[in-house]
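# Observations on the model geometry
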Amino acid sequence: MTAAREARSAEHIALADAHAAHNYSPLPVVVAEAEGAWVTDVEGRRYLDCLAAYSAVNFGHRHPELVAAAKAQLDRVTLVSRAFHSDRLAPFVTELAALAGKDKVLPMNTGAEAVESGIKVARKWAYEVKGVPQDAANVVVAGGNFHGRTISIVSFSDDPAARTGFGPYTPGFRRVPYGDAAALGAAIDADTAAVLLEPVQGEAGVVIPPAGYLQAARALCDRAGALLVADEVQSGLARTGRTFACQHFGVVPDVYLLGKALGGGILPVSAVVADDEVLNVLHPGEHGSTFGGNPLASAVGLAVVRLLATGYYQERAAALGARMRERLDALVGHGVVGVRSLGLWAGVDIDPRLGTGKEVCLRLAERGVLAKDTHGSTIRLAPPLVVEPHELDWAVEQLRVVIDEVGRARAS
Ligand SMILES: *Cc1c(COP(=O)(O)O)cnc(C)c1O
């Protein structure tokens, strides 16, 4: 690495520090290009991307079919607003609804918007269909949740960093421990509009619920006449080896919230997907988005749905995930104290005595692997599903070497 090239990277970081709000603490890597599972920084160094933009890049950076769909659409029409129809919206929502086995799609942009929209729909459904008294509806959520960053969403977070300083908070939410079906049952009452859950909690560190939990949530919702709303923004769209993580548990939610990979890593595309009984509570003027369902987003989203309809990425995630799991399990007892995974999505708990997740990620970056700590000493591994088996093996080997390094640094 030449001094001039180092300066290029340092300059970018200094400018970002000065003029971009400090709401993130990025690793000191300045990406200039990417293809497939690999990114290249401004100094020409290559890194294997083991975060995949929090699973927004499930199909790899610049997937040729997705880029082709976007380019073709750029030459036709990109935005009309929902004041008019576009010829891309109908195929997108039709094929996405079919993929999810539901009637309808409410297209939005970001994941947080999908969650907000899902909550709005659930509340309106509670008043209009279930008959909950006006303004009395509650939504039951889980501890350790991550559903986004809006005021209402942070209102029911239990992460002090996400929440503190942003009050007053939106009422109408009840939080119970994740994975505790009895607590969930106790929180649900006649005014419960919905239970909102991540089938696997991503930001919490790839936390997989205990056996029977999601099935119990489904049964409790059925008994109480409440909607089961699955936030599959991160877990959905092939990451876990199935189209939806809920499928691993044999559970069909009433509402899917989708985002991240739905935009193919190209632009933000999110959606609320549900049957008519639920989504038909929305009438013109009651909800909307200038950009939601725009032709460019719909063209890319449609191409994503068609990739998923082949089943190829789901199978790949399952096979690669099993391979990664085997290699990660071999590290348990050697600086790793726990591994949780589903498909190609793993939370790796590093022995906290060795160092923080951030320290490990910094060293991984030096060795050409980009990963991100979630909480404390947990690292999430979620490479693009196009990663090659030998690349995956290499990434886990770098993790092993880094853990050895931090262990020796600590001991000396
Ligand atoms: C990322 C994420 C969101 C929020 O998505 P944004 O596009 O960042 O608003 C919501 N839910 C889950 C489970 C997520 O992982």
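Moving on, we get to the sheet that holds strand β12 (residues 346-350). Ordered in space as β11-β12-β15-β14, the four strands form an open sheet in which the pairing is antiparallel. The open sheet has two free edges, formed respectively by β11 (336-341) and β14 (372-373), since each of these has just one partner strand. By the bridge criterion, four bridges tie β12 to strand β15 (residues 378-381) in an arrangement that is antiparallel. Of the residues in β15, the one forming a bridge with V348 is I379. Here helix α12 (residues 312-329) sits on the sheet and contacts β11, β12 and β15; the angle it forms with β11, its principal contact strand, is near 165 degrees.

Once that is clear, we can look at the packing of aromatic side chains. Tallied over the full model, the rule gives six aromatic pairs. For the pair F59 and Y313, a centre-to-centre distance of 5.2 Å together with 90 degrees between the ring planes defines the contact as edge-to-face. Remark: Y313 occurs in helix α12 and F59 occurs in the loop between α2 (52-55) and α3 (64-74); sequence separation between them is 254 residues. Considered together, F59 and Y313 belong to a single accessibility category, that of buried residues. Ring geometry for Y312 against Y313: centres 4.9 Å apart, planes inclined by 90 degrees, an arrangement best described as edge-to-face. The class of Y312 is partly exposed, set by a relative accessible area of 41%. Y313 gets classed as buried once you look at its relative accessible area, which sits at 8%. Connected via pairs of aromatic rings, a cluster forms that spans F59, Y312 and Y313. Its end group placed over the ring of W38, R46 keeps NZ or CZ at 4.7 Å from the ring centre.

So, on to the site of the ligand. Every residue near the ligand is listed here: T110, G111, A112, F146, H147, G148, E198, D231, V233, Q234 and K260. In the model, a nitrogen atom of the ligand is placed 2.7 Å from a nitrogen or oxygen of the D231 side chain. Separating an oxygen atom of the ligand from a side-chain N or O atom of Q234 is a distance of 2.7 Å. Looking at the shell around the ligand, its residues break down into three nonpolar, five polar and three charged.

On to the pattern of salt bridges, then. Pairing between side chains of opposite charge can happen when the charged atoms of each approach one another. As enumerated under the stated definition, the model contains 23 salt bridges in all. For the salt bridge of R380 with E203, the shortest nitrogen-to-oxygen distance reads 2.6 Å. Of this pair, R380 sits in strand β15 while E203 sits in the loop between β7 (192-197) and α9 (213-224), placing them 177 residues apart in sequence. A relative accessible area of 1% means that R380 is categorised as buried. Here R400 ties to D404 by a salt bridge, and the two come within 3.3 Å at their closest N and O atoms. Taken together, the residues R400 and D404, both in helix α14 (residues 389-411) and four residues apart, mark about one turn of the helix.

Assignment of secondary structure puts S155 in helix α6 (residues 151-155). Engagement of the side chain of S155 in a polar contact is seen with the backbone nitrogen of T170, the distance being 2.7 Å. Those residues within four positions of S155 in sequence are excluded, and the remaining contacts are R163, Y169 and T170.

We now examine the sheet that holds strand β8 (residues 227-231). Ordered by their spatial adjacency, seven strands build an open sheet running β4-β10-β9-β8-β7-β5-β6, and the pairing between neighbours is mixed. Two strands close off the open sheet at either side, each with one partner strand: β4 (104-108) and β6 (173-176). Here the strands of the sheet are splayed against their neighbours by 20 degrees on average, with no regard to which way each runs. Across three bridges, strand β5 (residues 138-142) lies against β7 in parallel orientation. Bridging from a neighbouring strand, V140 pairs with V195 of β7. Running at roughly 155 degrees to β7, helix α5 (residues 111-130) makes contact with β4, β6, β7, β8, β9 (255-258) and β10 (270-274) of the sheet.

Before going further, it helps to examine unusual backbone geometry. Residue G167 is joined to P168 through a cis peptide bond whose omega torsion reads 0 degrees. Not every positive phi belongs to a glycine, and K260 is a case in point at roughly 35 degrees. Of note, K260 is situated in the loop between β9 and β10. When its relative accessible area of 26% is taken as the criterion, K260 is described as partly exposed.

Assignment of secondary structure puts R325 in helix α12. In sequence terms R325 and L106 are 219 residues apart; their C-alpha atoms lie 36 Å from each other. Apart from residues no more than four positions distant in its own chain, R325 is found in contact with V339, R340 and S341. A polar contact of 3.0 Å, which involves the side chain of R325, links it to the side chain of S341.

Given a rise of 1.5 Å per residue, 18 residues ought to cover 26 Å, and the 26 Å separating the end C-alpha atoms of α12 matches this to within 8%. Among all positions of α12, only Y313, Q314, R316, A317, L320, G321, M324 and L328 are buried. For α12, the angular spread of buried residues about the axis comes to 145 degrees, placing them on one side. Exposed and facing more than 90 degrees away from the buried side of α12 are E315, A319 and E326. Buried residues along α12 sit in contact with α11 (295-309), β11, β12, β15 and α14.

Calculation criteria
Residues numbered from 1 in each chain as written. Predicted model: local features only at pLDDT ≥ 70, side-chain atom pairs only at ≥ 80, totals over all residues. Heavy atoms only, no water. Pairing = 2+ DSSP bridges. Helix = DSSP H or I, 4+ residues; strand = E, 2+ residues; numbered from the N terminus. Contact = heavy atoms within 4.5 Å. Axes fitted to C-alpha atoms, helices over the stretch in contact; angles between N-to-C directions. Phe/Tyr/Trp six-rings, centres within 6.5 Å; stacked < 30°, edge-to-face > 60°. Buried < 20%, exposed > 50% of the residue type's maximum accessible area, 1.4 Å probe, protein only. Lys NZ or Arg CZ within 6 Å of the ring centre and 35° of its normal. Near = heavy atom within 4 Å. Polar contact = N/O pair within 3.5 Å; in protein donor to acceptor, adjacent residues only side chain to side chain. Nonpolar A, V, L, I, M, F, W, Y, C, P; charged D, E, K, R; others polar. Salt bridge = Lys/Arg side-chain N within 4 Å of Asp/Glu carboxyl O. Expected span 1.5 Å × (residues − 1). Arc of directions from axis to C-beta.

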